[in-house]
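Here's the letter readout for the chains.
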Amino acid sequence: MLEKTKISLQVCQSFRSQFEEDRKNISKFFKEDQEVKPWEFASNLIFTRLDKFIERLQIIEVCLN
C-alpha cells in the first residue's frame, strides 16, 4: 500500500510541476512569427482539488511509514 501511495503522489506532483514548467516556457509552443500569449489564469484555482489530494496522500504516506 505504501508503494502505491508513493507512486500516486509522484504522479500528481509530476503533473503539477510539468504544468508549471510548460507555463513558464509557453513561448516554445508558438511559432517564431506568432505573438506569445501567456496563460492568464491562476493555477491555484485550477489545482485546488489536486493540491488537497496531494496533501491527503502525504498524510497517508506518513501514517504508512
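To keep things clear, this report deals only with the structure shown in the data block. (Residues numbered from 1 in each chain as written. Predicted model: local features only at pLDDT ≥ 70, side-chain atom pairs only at ≥ 80, totals over all residues. Heavy atoms only, no water.)

Before going further, it helps to examine the overall build of the protein. Each helix and strand counted, the protein has three helices and zero strands in total. Moving toward the C terminus, one meets the helices and strands of the protein in the order α-α-α. Here the protein has a C-alpha radius of gyration of 16 Å; the compact-globule value for 65 residues is 11 Å, and the former is much larger. Referenced to the eigenvectors of the C-alpha coordinate spread, the extents of the protein come out at roughly 50 × 20 × 10 Å. Looking at the protein as a whole, 20% of its 65 residues qualify as buried. Within the protein, counting contacts between residues at least 6 apart in sequence, those at least 24 apart form 62% of the total. As displayed, the protein has an accessible area near 5500 Å², and 55% of this comes from carbon and sulfur atoms. Here the protein carries 11 positive and 11 negative side-chain charges, and the mean point of each set is 7 Å from the other. (Helix = DSSP H or I, 4+ residues; strand = E, 2+ residues; numbered from the N terminus. Rg over C-alpha atoms; globule rule 2.2 N^0.38 Å. Buried < 20%, exposed > 50% of the residue type's maximum accessible area, 1.4 Å probe, protein only. Contact = heavy atoms within 4.5 Å. Areas by Shrake-Rupley, 256 points an atom, 1.4 Å probe, with all protein chains shown as cover. Lys, Arg positive; Asp, Glu negative; His and termini not counted. Charge placed at Lys NZ, Arg CZ, Asp CG, Glu CD.)

What follows deals with the environment of Leu 64. Residue position: Leu 64 is located in helix H3 (residues 48-64). Each C-alpha atom, one on Leu 64 and one on Met 1, is 8.0 Å from the other, the two residues being 63 residues apart in sequence. Dropping the residues within four chain positions of it, Leu 64 is found in contact with Met 1, Leu 2 and Thr 5.

By size, the foremost hydrophobic cluster in this structure holds seven residues: Leu 9, Cys 12, Phe 19, Phe 47, Leu 50, Ile 54 and Leu 57. Contributions of two or more residues to this core are made by helix H1 (2-24) and H3. With sequence-adjacent residues up to four places away left out, Phe 19 is seen in contact with Trp 39, Phe 41, Ser 43 and Phe 47. (Core = buried A, V, L, I, M, F, W, Y, C linked by side-chain atoms within 4.5 Å.)

A few words now on the packing of H1 against H3. As a packed pair, H1 and H3 sit with axes 10 Å apart at the nearest point and diverge in direction by 150 degrees. Classified by the angle their axes make, H1 and H3 are roughly antiparallel. Classified by chirality, the crossing of H3 by H1 is left-handed. Judged by residue contacts, Leu 2, Thr 5, Lys 6, Ser 8, Leu 9, Cys 12, Gln 13, Phe 15 and Arg 16 of H1 engage Leu 50, Asp 51, Phe 53, Ile 54, Leu 57, Gln 58, Ile 60, Glu 61 and Leu 64 from H3. (Axes fitted to C-alpha atoms, helices over the stretch in contact; angles between N-to-C directions. Parallel < 35°, antiparallel > 145°, perpendicular 65-115°, else oblique. Left-handed = near helix turned anticlockwise from the far one by under 90°.)

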